[in-house]
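The residues making up each chain are set out below.
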Amino acid sequence: MWKKWQLFHATDFQSLMYPCFIFSSILGTFPYKINGSIFETSKQLPVPYIHLMEFQMDMLYMNCVCILKACFKMIDDNLINLRELIINDEPHLLRRIYHEQKNSFLLMELKALKKQHLAISDTVQMLNTIFSLHILATIIMTFSQLTFHLYFYITNWNISMFEDSTIDLFYHIFTMVHTIIYCIKIVLIVWACETGKDRAMKIGITVHDLLNNISDKQITEELQLFSVQILHRENAFSAKGLLVDVTLLIAVNE
């Protein structure tokens with residue numbers, strides 16, 4: 001049974017993907033319905049709603065980016081907790097045994113976090129590969145529509161001011177709304193990708209903070225390996241080599 005769904009309040013996989021499943025069932029893209037954890041095949045036929053299909057793909061992409069951002073945040077939060085554990089170290093009667101056990105725990109945690117970071121970084125690259133053509137097409141369509149529509153309105157402004165046709169008026173309104181929707185969509189995609197990249201970069205800063213507060217040789221070596229891994233895995237969201245971040249919007253505005 002589905003729980004009561006609320007926007008931005010996902011509690012599990014089904015509630016997170018609920019909007020995607022709704023649009024998919026409308027489009028017939030994924031001919032199934034979910035009953036608990038069981039996928040039941042439906043008899044719905046595919047419907048060629050291109051714009052709705054595009055919207056559904058954009059929504060799916062943003063869901064994936066936000067999930068990856070949450071994963072990077074979880075790793076960073078765990079590293080911060082380790083840093084607090086090191087900084088707030090208190091004297092202990094059996095200091096040598098205590099530090100050996102504590103360092104072993106820190107070492108295991110770091111190895112686990114490094115492994116998680118590697119898996120998430122691989123997922124980012126996979127996401128870039130899968131959605132690269134779609135995101136590139138979305139960017140081209142958005143800026144093409146924006147350019148041509150602005151040119152159209154500027155060149156036909158004087159004529160449009162004296163038009164009395166209701167059909168022409170509705171056409172202009174529809175075109176303007178359509179362009180605004182595309183602009184909002186690309187801004188949201190860029191926002192998700194930019195914040196996700198920033199969250200991934202913050203992990204490197206936290207690792208360097210840990211290096212400045214640790215003296216154990218094994219943990220230091222593990223942190224250095226973690227730092228090298230972060231440097232070699234540029235967790236940036238891109239489409240065929242085009243970075244999807246705030247520089248994209250800045251370049252267009254210039």
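Just so we're clear, the structure is a prediction, and the values are computed from it rather than from any experiment.

What counts as what
All residue numbers here refer to positions counted from 1 along the written sequence of the relevant chain. Local features in this predicted model are restricted to residues whose pLDDT is 70 or higher, and side-chain atom pairs enter the listing and the counts only when it is 80 or higher, whereas totals over whole chains, interfaces and linings include all residues. The side-chain quantities take in all heavy atoms of the structure and omit both hydrogens and water. Numbering goes from the N terminus for both helices and strands, where a helix is a DSSP run of H or I of at least four residues and a strand is a run of E of at least two. Working definition: with a 1.4 Å probe on protein chains only, accessible area under 20% of the residue-type maximum means buried, over 50% means exposed, and in between means partly exposed. In this analysis, two residues are considered to be in contact whenever any of their non-hydrogen atoms come within 4.5 Å of each other. Methods summary: accessible areas were calculated by the Shrake-Rupley approach with a probe of 1.4 Å, and residue burial reflects only the protein chains presented. Here a pair means two rings of Phe, Tyr or Trp (six-membered ring of Trp) with centres within 6.5 Å. Their orientation is stacked below 30 degrees between planes, edge-to-face above 60, and tilted elsewhere. The rule is short: NZ of Lys or CZ of Arg within 6 Å of the ring centre and within 35 degrees of the ring normal puts a charge over the ring. A residue's pLDDT is the predictor's confidence in that residue, given on a scale from 0 to 100. Note on patches: the residues involved have over 30% relative accessible area and no salt bridge, like charges join within 9 Å, and the nonpolar side chains Val, Leu, Ile, Met, Phe, Trp and Tyr join within 5 Å. Each reported salt bridge corresponds to a side-chain nitrogen of Lys or Arg within 4 Å of a carboxyl oxygen of Asp or Glu. We call a set of buried residues a nonpolar core when its members are Ala, Val, Leu, Ile, Met, Phe, Trp, Tyr or Cys and they connect through side-chain atoms within 4.5 Å of each other.

(A) Focus on the overall build of the chain. If you tally the helices and strands in the chain, you get 8 helices and 4 strands. Tracing the chain from N to C terminus, the helices and strands come up as α-α-β-β-α-α-α-α-α-β-β-α. Counting over 254 residues, the chain shows a buried share of 35%. In the chain, 72% of the contacts between residues at least 6 apart in sequence involve partners at least 24 apart. Carbon and sulfur atoms provide 67% of the accessible area of the chain, an area that totals close to 16,500 Å².

(B) A look at the packing of aromatic side chains. Per the stated rule, a full pass over the model turns up 1 aromatic pair. Taken together, a centroid distance of 5.2 Å and an interplanar angle of 55 degrees make the contact between Tyr61 and Phe131 tilted. One end of the pair, Tyr61, is in helix α3 (residues 50–87); the other, Phe131, is in helix α4 (residues 95–155), with 70 residues separating them in the sequence. Grouping residues by exposure puts Tyr61 and Phe131 together as buried. In this arrangement the basic side chain of Lys69 is found over the ring face of Trp191, its NZ or CZ atom lying 4.4 Å from the centre.

(C) Highlighting the environment of Thr175. Mapped onto the elements of the fold, Thr175 is located in helix α6 (residues 166–211). Residues Thr175 and His149, spaced 26 residues apart in sequence, show a C-alpha to C-alpha distance of 7.9 Å. Not counting the four nearest positions on each side in its chain, Thr175 is found in contact with His149 and Tyr153.

(D) Layout of the environment of Ile139. With respect to the element layout, Ile139 can be found in helix α4. A residue is classified by how much of its surface remains accessible, and Ile139, at 4% relative accessible area, is buried. For the pair Ile139 and Cys183, spaced 44 residues apart in sequence, the C-alpha separation works out to 9.4 Å. Beyond its immediate sequence surroundings of up to four residues, Ile139 is in contact with Ile186, Leu242, Val244 and Leu248.

(E) Region of the structure containing the side chain of Thr220. Position of Thr220 among the secondary structure elements: in helix α7 (residues 217–232). With residues near it in sequence (within four places) discarded, Thr220 still touches Leu211, Ile214 and Ser215.

(F) Representation of the confidence of the model for the chain in the model. For the chain, the mean per-residue pLDDT works out to 76, and 67% of the residues sit at or above 70. Looking at the elements of the chain, mean pLDDT is at its lowest for strand β2 (residues 38–41), recorded as 50, and at its highest for α7, recorded as 88.

(G) Quick look at a nonpolar patch on the surface. Judged by side-chain polarity, Phe170, Ile173, Val177 and Ile181 come together as a nonpolar surface patch covering roughly 390 Å² of accessible area. Examined against the element boundaries, Ile173 turns out to sit in helix α6. Judged by its relative accessible area of 42%, Ile173 falls in the partly exposed class.

(H) Seen up close, the pattern of salt bridges. Within this structure, the stated rule accounts for 10 salt bridges. Here Glu84 and Arg83 are joined by a salt bridge, their closest N and O atoms 4.0 Å apart. Given a relative accessible area of 35%, Glu84 falls into the partly exposed group. The buried category is assigned to Arg83, whose relative accessible area is 18%. Residue Glu222 is joined to Lys114 by a salt bridge in which the shortest nitrogen-to-oxygen separation is 2.8 Å. With Glu222 in helix α7 and Lys114 in helix α4, this pair connects stretches of sequence that are 108 residues apart. With a relative accessible area of 19%, Lys114 lands in the buried category.

(I) Up close: the nonpolar core. Counting residues in hydrophobic clusters, the biggest one holds 39 residues, and the most contacted among them are Tyr61, Leu79, Ile135, Ile203, Phe226, Phe237 and Val244. At 11 residues, α4 tops the list of elements feeding residues into this core. Residues contacting Phe226, with those up to four places away along its chain left out, are Ile75, Leu79, Leu113, Lys114, His117, Ile203 and Val207.

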